[in-house]
Amino acid sequence: MGGDERITLRIARYRPDEGEAEPTLADYEVPLRGDWAVLDGLNYIKDELDGTLSYRWSCRMGICGSCGMMIDGEPRLTCATFLTDLAPGPVRIEPLANFPVIRDLIVDLTDFMHKLGKVRPWLIRDEERPVEEGEYLQTPAQLDEFKQFSMCINCMLCYAACPVYGLDNSFVGPAAIALAHRYDLDSRDEGDRQRLTILAQPEGVWDCTFVGECSAACPKGVDPAGAIQQVKLAAAQEAAKSLLLPWRSR
Ligand code: FES
């Protein structure tokens, strides 16, 4: 690849705070280098062509989850998507679908943050063990039970890919359910019934129609669709138990 090759990035620009009614698309030419990800192209624009372009990023290595955008219509991490894989372009870059846009490529994640807190993604104990009794130990097999779900980086690609969330954003959504399930599966946790009460509500797991786009979009190999099916099973079992053995339900 020669040093002079370039590729066009067609980027959604939108400043509702400045009175703009609709997003528009603007073209920028950036160098097409073999080791450049889309994020490098955005940084080139910001540094060399147009300092007003707004977007989020931090780690540049697929860890922080802040650089997710729609690239040619697909939700992807811009730091993990190489320009050469998108040549000859133009490459269309838009903010993540299904979220309100704050400015250019930055979306408002308030709704997700609220839902994440609701599903209680932390260790819950009926009774805390005194510190002097030591840590809660786990076997490698117990760790393997939930490890996959702990890889979520909150990048929101799964919400941008989810047609159910796109139609009705009251749905709790894939990442929040996967992270709740991560704690349900943790041998140190005793909060599964608390979470199930929340996830078995109408806007919880039953909204999911098992399209599976969330798992396909995940850049970390997490399977939110699988988590949702497992929580559905647990909810159905709990409902059957309370019907057949009402004295057992609390
Ligand atoms: Fe952190 Fe892309 S910049 S995941």
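Above this note sits the structure.
Residue indices begin from 1 for each chain and proceed along its sequence in written order. Under the rules for a predicted model, residues below a pLDDT of 70 receive no local features and side-chain atom pairs below 80 are neither given nor counted, while totals for whole chains, interfaces and linings still include all residues. To get the side-chain values, take all heavy atoms of the structure and skip hydrogens and water.

Some details on the overall build of the protein chain
Now for step 1: Starting at the N terminus, helices and strands are each numbered in turn, a helix being any DSSP run of H or I of at least four residues and a strand any DSSP run of E of at least two. Looking only at helices and strands, the protein chain has nine helices and seven strands in total.
Now for step 2: Dimensions of the protein chain, computed from the C-alpha atoms along their principal axes, are close to 70 × 40 × 30 Å.
Now for step 3: Between buried and exposed lies partly exposed: a residue is buried under 20% and exposed over 50% of the maximum accessible area for its type, with that area taken using a 1.4 Å probe on protein chains only. When the 250 residues of the protein chain are sorted by exposure, 41% land in the buried category.
Now for step 4: In what follows, residue pairs with any heavy atoms lying within 4.5 Å of each other are defined as contacts. Contacts in the protein chain between residues far apart in sequence, at least 24 positions, make up 64% of those at least 6 positions apart.
Now for step 5: Only the protein chains shown count as cover for residues, with accessible areas throughout obtained via the Shrake-Rupley method and a probe of 1.4 Å. Total accessible area on the protein chain is roughly 13,200 Å²; 52% of this is exposed by carbon and sulfur atoms.

Considering the side chain of Thr78
Now for step 1: Along the chain, the position of Thr78 falls in the loop between strand S4 (74-77) and strand S5 (91-94).
Now for step 2: The exposure class assigned to Thr78 is buried, which follows from its relative accessible area of 0%.

Details of the sheet that holds S4
Now for step 1: Strand pairing follows a simple DSSP-based rule, namely that at least 2 bridges must link the two strands. The sheet built from five strands is open, its strands ordered S2-S1-S5-S3-S4 with mixed pairing. Of all the strands in the sheet, just strand S2 (24-31) and S4 have a single pairing partner and so form its edges. Sheet twist, expressed as the average angle between the axes of neighbouring strands with direction ignored, equals 35°.
Now for step 2: Every axis in this analysis is a line fitted to C-alpha atoms, fitted for helices over the stretch in contact. Angles between the N-to-C directions lie between 0 and 180 degrees. Lying over the sheet, helix H1 (residues 38-49) contacts strand S1 (6-13), S2, strand S3 (68-71) and S5, oriented at roughly 95° with respect to S2.

Some thoughts on H1
Along an α-helix, residues three or four apart share an orientation, since each turn contains 3.6 residues.
Now for step 1: Between its terminal C-alpha atoms H1 stretches 15 Å, which fits the 16 Å expected from twelve residues at 1.5 Å a residue.
Now for step 2: Here the buried face of H1 lies against S1, S2, S3 and S5. Expected helix span is computed as 1.5 Å times (number of residues minus one).

Thoughts on the environment of Asp17
Now for step 1: Note that Asp17 resides in the loop between S1 and S2.
Now for step 2: Note: C-alpha distance between Asp17 and Arg103 (86 residues apart in sequence) is 7.8 Å.
Now for step 3: N or O atoms within 3.5 Å of each other form a polar contact, as long as, within protein, one can give a hydrogen and the other can take it, and as long as residues adjacent in sequence are counted only when both atoms are side-chain atoms. Within the local environment of Asp17, its side chain forms a polar contact with the side chain of Arg103, the two groups lying 3.1 Å apart.

A look at helix H7 (residues 192-199)
Now for step 1: For H7, the set of buried residues is Arg195, Leu196, Ile198 and Leu199. Burial along H7 is one-sided: seen end-on, the buried residues are contained in an arc of 160°. By construction, the arc corresponds to the directions joining the helix axis to the C-beta atoms.

A few points about the state of the cysteines
Now for step 1: In this description, a disulfide is simply a cysteine sulfur pair whose atoms lie within 2.5 Å. If you walk through the whole model with that rule in mind, you get zero disulfides.
Now for step 2: Cys214 takes part in no disulfide bond, and the closest cysteine sulfur, belonging to Cys208, lies 6.3 Å away.

Quick look at the environment of Ser170
Now for step 1: Relative to the assigned elements, Ser170 resides in the loop between helix H5 (163-167) and helix H6 (174-184).
Now for step 2: Judged by relative accessible area, which is 36%, Ser170 ranks as partly exposed.
Now for step 3: Counting along the chain gives 129 residues from Ser170 to Gly41, while the straight-line C-alpha distance between them is 35 Å.
Now for step 4: With residues near it in sequence (within four places) discarded, Ser170 still touches Lys115, Glu203 and Asp207.
Now for step 5: Engagement of the side chain of Ser170 in a polar contact is seen with the side chain of Asp168, the distance being 2.8 Å.

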